[in-house]
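# Structure assessment
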Amino acid sequence: GRRGNTSAASSPFTFTLDTSASAPTLALAGDTGTNTTDGITSNGQVNVSGLESGASWEYSTDGGTSWNAGSGTSATLAGDGAKSVLVRQTDTAGNTSAASSALTFTLDTTASAPTLALAADTGSDATDKLTKNGQVNVSGLESGASWEYSLDGGTVWTAGSGTNFTLSGDGAKSVLVRQTDAAGNTSAAST
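## A closer look at the layout of surface pockets
Within this model, the largest pocket holds a volume of roughly 700 Å³. Taken together, 26 residues form the lining of the largest pocket, with L118, K129, T131, V136 and K173 sitting closest to its centre. Its residues assigned to classes, the lining of the largest pocket comprises 10 nonpolar, 11 polar and five charged.

## Thoughts on the nonpolar core
Membership of the largest hydrophobic core is limited to 12 residues, which are L26, V46, V48, W57, Y59, A75, L77, V85, V87, L103, F105 and L107. At the level of secondary structure, the elements contributing two or more residues to this core comprise β3 (45–49), β4 (56–60), β7 (81–90) and β8 (103–107). Setting aside its immediate chain neighbours within four residues, V87 contacts P24, L26, V48, W57, E58, Y59, W67, A98, A99 and S100. Formed by eight residues, the second largest nonpolar core is a distinct cluster that contains W147, L167, V175 and V177.

## Quick word on the pattern of salt bridges
Close approach of charged atoms allows side chains with opposite charge to pair. Taken as a whole and assessed by the stated rule, the structure comprises two salt bridges. Across the pair E58 and R88 runs a salt bridge, and its minimum N-O distance is 2.6 Å. In this pair, E58 sits in strand β4 while R88 sits in strand β7, placing the two residues 30 residues apart along the sequence. Classification of E58 by relative accessible area gives partly exposed; the value is 23%. Residue R88 is classed as partly exposed on the basis of its relative accessible area of 23%.

## A closer look at the sheet that holds strand β11 (residues 146–150)
Strand order in the open sheet formed by three strands is β12-β11-β14, and the pairing between neighbours is antiparallel. Edge positions in the sheet fall to β12 (158–160) and β14 (176–180), since each has one partner strand and no second. Here the average twist between neighbouring strands, direction ignored, is 35 degrees. The pairing of β11 with β14 spans five bridges and is classified as antiparallel. Its bridge partner being in β14, W147 is matched across the sheet by Q179.

Conventions adopted
- Residues numbered from 1 in each chain as written.
- Predicted model: local features only at pLDDT ≥ 70, side-chain atom pairs only at ≥ 80, totals over all residues.
- Heavy atoms only, no water.
- 1 Å grid on protein atoms, 1.4 Å probe; cavity = no way out; pocket = protein on both sides within 12 Å on 5 of 7 lines; lining within 4 Å.
- Points joined across faces, edges and corners; volume = space filled by probe spheres on them.
- Nonpolar A, V, L, I, M, F, W, Y, C, P; charged D, E, K, R; others polar.
- Core = buried A, V, L, I, M, F, W, Y, C linked by side-chain atoms within 4.5 Å.
- Buried < 20%, exposed > 50% of the residue type's maximum accessible area, 1.4 Å probe, protein only.
- Helix = DSSP H or I, 4+ residues; strand = E, 2+ residues; numbered from the N terminus.
- Contact = heavy atoms within 4.5 Å.
- Salt bridge = Lys/Arg side-chain N within 4 Å of Asp/Glu carboxyl O.
- Pairing = 2+ DSSP bridges.
- Axes fitted to C-alpha atoms, helices over the stretch in contact; angles between N-to-C directions.

This is how it looks when you write it as structure tokens:
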């Protein structure tokens with residue numbers, strides 16, 4: 001019979017099989033304000049981690065209906081209000097991950113100046129700002145905000161509490177007030 005010839009083995013054929021991509025993870029770059037875990041922040045930067053080398057990624061702020069291309073390892077959202085963000089990646093093998101868990105937070109980038117009013121303008125003219133009652137009411141405070149007042153044009157500030165404070169000592173008074181909201185934004189001083 002015929003004798004069979006056996007060829008030499010081929011060069012090794014190596015490859016990587018990649019059939020899935022993991023969902024990335026989202027986190028706030030910084031939860032500003034006095035409570036750093038309340039999800040109320042003035043910083044709209046969302047950091048993305050868990051990205052595969054060479055992967056592209058995108059994020060959604062409408063529950064996954066539309067997607068925006070991401071770059072680097074973060075995206076910055078704008079516009080005050082409640083936010084919910086999803087992220088997904090497409091790896092170099094073409095696998096698109098499931099969407100991440102939603103990151104929810106409140107973006108708050110401004111604080112309005114509070115308003116001051118006399119508790120009572122006593123005397124015969126109720127609008128002349130001549131009063132024997134030194135209580136000054138503060139309104140326009142955001143929920144969770146702290147506030148302070150100044151009697152010297154904004155050089156020295158005194159912490160306030162509640163929604164009013166009382167001045168003593170006869171004479172002309174000029175008072176400013178400002179608030180710092182839960183996201184850490186400090187307002188301009190009131191008029």
